Amino acid sequence: MTRHVYRFGGGVSDGEAGNKNLLGGKGANLAEMASIGLPVPPGFTIATTACALYQEQSEGYRAALSDQVAQGIAHIEAVTGRRFGDAANPLLVSVRSGARVSMPGMMDTVLNLGLNEETVRGLATGSGDPRFAWDSYRRFIQMYGDVVLGVDHGLFEEALEIAKEDKGVHLDTDLGAADWEKLAGRYKEIVEEELGRPFPGDPHDQLWGAIGAVFGSWNAERAKTYRRLHAIPGDWGTAVNVQAMVFGNMGEDSATGVAFTRDPSTGERAYYGEYLINAQGEDVVAGIRTPQYLTRAAREKAGAKAASMEEALPEVYGELAKVFDRLERHYREMQDIEFTVERGTLWMLQTRTGKRTARAALKIAVDMAEEGLIKEEEAVCRVDPQALDQLLHPTLDPQAHREVIAKGLPASPGAACGKAVFDADTAEKWRADGEAVILVRVETSPEDIHGMHAAEGILTARGGMTSHAAVVARGMGRPCISGAGAIAIDYKNKLMRVGGREVREGEVITLDGSTGEVMLGEVPTVQPELSGDFGTLMIWADAKRRLKVRANAETPNDCRAAREFGAEGIGLCRTEHMFFDAERIANVRQMILASDEAGRRIALDKLLPAQRGDFIEIFRIMAGLPVTIRLLDPPLHEFLPHAEEEFAEVARASGLDVETLRRRAAELSESNPMLGHRGCRLGITYPEIYEMQARAIFEAALEVAGEGEAPLPEVMVPLIATRKELAIIRALIERTAETVFAERGARIDYLIGTMIELPRACLAAGEIAQDADFFSFGTNDLTQTALGVSRDDAGRFLGAYVEQGIFARDPFVSLDAEGVGELISIAAERGRAARDGLKLGICGEHGGDPASVAFCEKVGLDYVSASPYRVPIARLAAAQAALRKA
């Protein structure tokens, strides 16, 4: 019989931290904490294997698991001395999800399970606190009704607000036992009104309903969206953790909280967290009540008045601090911890590797290495390369005027500006239309995940630093301000009110997630400074990587940014981008529309000085580094005039009449231009174009070489399919080079190579390599031609392909290793077999994708090239790939 249930607590640990694939992160860490003697309430984990069983047979899975689950319940009963369903001494349990990687808030949880009209009275008698018992019961009905039965949670919230109004109070804690008993009865009425059947009273039926709901939540829309955003496979499944309840809502000596062993926003080595007295865990993470600070220092820094846990519960806080240090030393990683204090006794409910901002990840990794807790190699591998993207973009200009209209908690750092929207669907729609938006909510829920991803930043009126909004925003790298209590949000009229001012949907606001300030209008930004921990980690990474990292750049600004970010040359300079300049486009069109070579040369002579000037600037900035320049590539139709005034402009420049130009434009139109007259085909049919570009390259290189350090030009011929094409164009380039060298009386070294972007070129790489000094794989077009998929049109169906597991990820974002990658492997092997020292690299957008960089390391390419802002990402990914390969 397959084992699905694993116990923990009470001196038993059937699992350990290394069992995350089987037990999920939460279950594995509960077993690990129990095994090292920490106070963990007893329980058991239903393994991820049972999730697959549930998905296959949601009706029959209970029979397959019932005996093992019964043994798990018996284990909890034996440790606690309570019995499940017993009216006099009832055992209550929590039922929580637990995937192998953290998915905060994406799946379901049920607390206080096992309560009914009989057991609630036993709980009241046993605890000596009827208020606590009835409060727990009404919480259970609400949570179970929402999560398991599908009753709108807003109905319960409305009933609670009515109960408080009737009592004339504002806080939940002001309601007494009789109030909670009455409300529990009303909650049960709501369930029966909505479903036409009573709320389930049998604890065993409750348990199986909750287990099924947690397994089912793995495929809830919010969970699927989160998995898609974070590239989590759908077949992993979730575990279910059933654990004895401990209660933070038993009075003033009870509490619940969430804490981090280091600050997840800054990385500072200081305890960070929040707690609530007389509350349960969901009150903290759901943002239902704004919690208090964990430490006195944090409270004083924020100017808050409510006592911190360090001040209110000093003895328990001291125990907790010791647990923090023990867990961090044990796991050698910053931990995210959930705890409950029941009548002065500390219980640990969860520990996991804490999510953090990119800046915090850098600081924590570097600090831990310098503290001797981890090695430099581990520090390099601890930082997600994609997370660096958060550090490589502007922040608010500290000197700029700010019209601050509200302030909340700085839940996730960074600056964001956009139009205010008040629901997730609108955020997603406006973002798809190209608008930058700020999602404004009273509090976010897991159903808002798609809107949070679409938004530039998130603002909530309620919730703390560990609320759903804060945790998810930090994981996404979105700036977030939570708990901005001065803001009143009106969903119906799509506006927020603050200090007598109204901000309507569509009005621009700015968030500073580092200070918690909300500002009206757009605030200017400044460029980031990459030093300190970033610089230290990148020095360590560069020492470990083998792959070189270049940049895709063709403007002086991009080239300068590339050097600042550590690029070791230019891997792709797209010359056609230079031709779209407003002052040049008329000459380009004159060249294209000319009916003979003489006409084209007249236009090319006008373009030569500008093209040469472009290359001089680039070579000066990249002095001493290789610069790969791709000769003109795009279909000619991209340059053709369309509007009447555009034809008239070309007519004036060329001396031809407009009708003649129109006929010529019609002759050049193509049915499938991406596979038409472009790339090297232009150089074959109109060699004078490539001749002009080659002359501009060599004249510019010689001029810069005369100023000091010589550049290293690499001339790249695009869209080669055969050796003969490359041989013809190579001869043209070499002739031009010799002519220029003779004219200038000087020489420089240079290389001639080709962009491999057609399947035939991959297969014929052995032949093509005989005329090439280097191959650069153009993975954007190679993906298009290998898959037969248009990148411009694929958005209509690629989402469904990823969702259904046809592709693990969008192949235009992360390289298709099995298909496109196999073509690259074949080309690399055949090319190097034919030509010793053949240089190999990639220059598509995949060069900045960590998974694609790892593939390049595996295949043994020499370099990757990415957009300037992704150069640090590629550097770190290359180091990680080298370390994992070693």
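The model shown is predicted, which means the values in this text are computed figures rather than measured ones. (Residues numbered from 1 in each chain as written. Predicted model: local features only at pLDDT ≥ 70, side-chain atom pairs only at ≥ 80, totals over all residues. Heavy atoms only, no water.)

## Structural notes on the overall build of the chain
Summing up its helical and strand segments, the chain has 35 helices and 34 strands in all. Computed over the C-alpha atoms, the radius of gyration of the chain is 32 Å, within 12% of the 29 Å expected from 2.2 N^0.38 for a compact globule of 886 residues. Taken along its principal axes, the extent of the C-alpha atoms in the chain is 100 × 60 × 50 Å. When burial is assessed residue by residue, the chain has 56% of its 886 residues classed as buried. In the chain, 68% of the contacts between residues at least 6 apart in sequence involve partners at least 24 apart. The positive charge centre, built from 98 side chains, and the negative charge centre, built from 131, are 3 Å apart in the chain. (Helix = DSSP H or I, 4+ residues; strand = E, 2+ residues; numbered from the N terminus. Rg over C-alpha atoms; globule rule 2.2 N^0.38 Å. Buried < 20%, exposed > 50% of the residue type's maximum accessible area, 1.4 Å probe, protein only. Contact = heavy atoms within 4.5 Å. Lys, Arg positive; Asp, Glu negative; His and termini not counted. Charge placed at Lys NZ, Arg CZ, Asp CG, Glu CD.)

## What about the pairing of strand 34 (residues 863-866)?
Taking every second residue as pointing to the same face, both faces of strand 34 are buried, with Tyr863 and Ser865 on one and Val864 and Ala866 on the other. Both strand 33 (residues 839-842) and strand 34 contribute to a ladder of 2 bridges, which runs parallel. What sits directly across from Ile842, in strand 34, is Val864. At this point the chain moves from strand 33, through helix 34 (residues 850-859), to the parallel strand 34, and the crossover so formed is right-handed. (Pairing = 2+ DSSP bridges. Right-handed = clockwise from strand over helix to strand, strands pointing away.)

## Here's the deal with empty space enclosed by the protein
Per the stated rule, a full pass over the model turns up 5 cavities of 30 Å³ or more. By volume, the largest cavity is sized at about 100 Å³. As for the largest cavity, its lining consists of 13 residues, of which Arg96, Met245, Val246, Thr340 and Leu349 are closest to the centre. Looking at the lining of the largest cavity, the elements that each hand over two or more residues are strand 6 (93-99) and strand 8 (238-244). When its residues are assigned to classes, the lining of the largest cavity shows 5 nonpolar, 7 polar and 1 charged. (1 Å grid on protein atoms, 1.4 Å probe; cavity = no way out; pocket = protein on both sides within 12 Å on 5 of 7 lines; lining within 4 Å. Points joined across faces, edges and corners; volume = space filled by probe spheres on them. Nonpolar A, V, L, I, M, F, W, Y, C, P; charged D, E, K, R; others polar.)

## Comments concerning the nonpolar core
The biggest cluster of nonpolar side chains holds 129 residues, and the ones touching the most others in it are Leu388, Leu537, Phe619, Phe698, Val717 and Phe775. Here this core takes 11 residues from helix 27 (residues 687-707), the largest share from any one element. If we skip the residues at most four places from it in the chain, Val717 touches Leu631, Cys680, Tyr690, Leu726, Ile729, Ile733, Gly753, Thr754 and Met755. Listed in part, the 83 residues of the second largest apolar core include Ala50, Leu53, Tyr144 and Met250. (Core = buried A, V, L, I, M, F, W, Y, C linked by side-chain atoms within 4.5 Å.)

## Comments concerning the state of the cysteines
Throughout this description, disulfide means a covalent bond between two cysteine sulfur atoms. Within this structure, the stated rule accounts for 0 disulfides. With no disulfide partner, Cys480 has as its closest neighbouring cysteine sulfur the one in Cys417, 16 Å distant. Cys480 gets classed as buried once you look at its relative accessible area, which sits at 0%. (Disulfide = S-S within 2.5 Å.)

## What to know about the packing of aromatic side chains
For the structure shown, the criterion picks out 19 aromatic pairs. When the centroid spacing of 5.8 Å and the interplanar angle of 70 degrees are considered together, the rings of Phe698 and Phe741 count as edge-to-face. Within this pair, whereas Phe698 is found in helix 27, its partner Phe741 is found in helix 28 (residues 723-744), the two being separated by 43 residues in sequence. The rings of Tyr54, Tyr61, Trp208 and Phe215 are connected pair by pair, giving a single aromatic cluster. Between Arg3 and the ring centre of Tyr6, over which it is positioned, the NZ or CZ distance is 4.4 Å. One Lys or Arg, Arg227, reaches over the ring of Trp218 and ends 4.2 Å from the middle of that ring. (Phe/Tyr/Trp six-rings, centres within 6.5 Å; stacked < 30°, edge-to-face > 60°. Lys NZ or Arg CZ within 6 Å of the ring centre and 35° of its normal.)

## Digging into the sheet that holds strand 15 (residues 404-407)
Strand order in this open sheet of 8 strands is 15-25-24-17-18-19-20-16, and the pairing throughout is mixed. One side of each edge strand has no neighbouring strand; the edge strands of this open sheet are strand 15 and strand 16 (409-412). Pairs of neighbouring strands in the sheet enclose a mean axial angle of 30 degrees, with direction left out of account. Both strand 19 (residues 457-460) and strand 20 (residues 480-482) contribute to a ladder of 2 bridges, which runs parallel. Note on strand 20: the bridge partner recorded for Ile458 is Cys480. Sitting on the sheet, helix 16 (residues 424-432) touches strand 17 (415-421) and strand 18 (437-441), and the angle it makes with strand 17 is about 110 degrees. (Axes fitted to C-alpha atoms, helices over the stretch in contact; angles between N-to-C directions.)

## Thoughts on helix 6 (residues 153-167)
Between its terminal C-alpha atoms helix 6 stretches 22 Å, which fits the 21 Å expected from 15 residues at 1.5 Å a residue. Buried within helix 6 we find Phe156, Ala159, Leu160 and Lys164. Each buried residue of helix 6 lies within a common arc of 135 degrees when the element is viewed along its axis, so the set occupies one face. The exposed residues of helix 6 that point more than 90 degrees off its buried face are Glu165 and Asp166. Looking at the buried positions of helix 6, the neighbouring elements they touch are helix 5 (130-147) and helix 7 (177-195). Backbone nitrogen of Gly154 and a side-chain oxygen of the N-cap are separated by 2.9 Å at the start of helix 6; the cap is Asp152. (Expected span 1.5 Å × (residues − 1). Arc of directions from axis to C-beta. Polar contact = N/O pair within 3.5 Å; in protein donor to acceptor, adjacent residues only side chain to side chain.)

## Section: the pattern of salt bridges
Inspection of the entire model under this criterion finds 72 salt bridges. Taking the shortest distance from any N to any O, the salt bridge between Glu502 and Arg497 comes out at 3.3 Å. Judged by its relative accessible area of 35%, Glu502 is partly exposed. A residue is classified by how much of its surface remains accessible, and Arg497, at 36% relative accessible area, is partly exposed. Note that Asp771 and Arg723 form a salt bridge whose closest N and O atoms lie 2.6 Å from each other. (Salt bridge = Lys/Arg side-chain N within 4 Å of Asp/Glu carboxyl O.)

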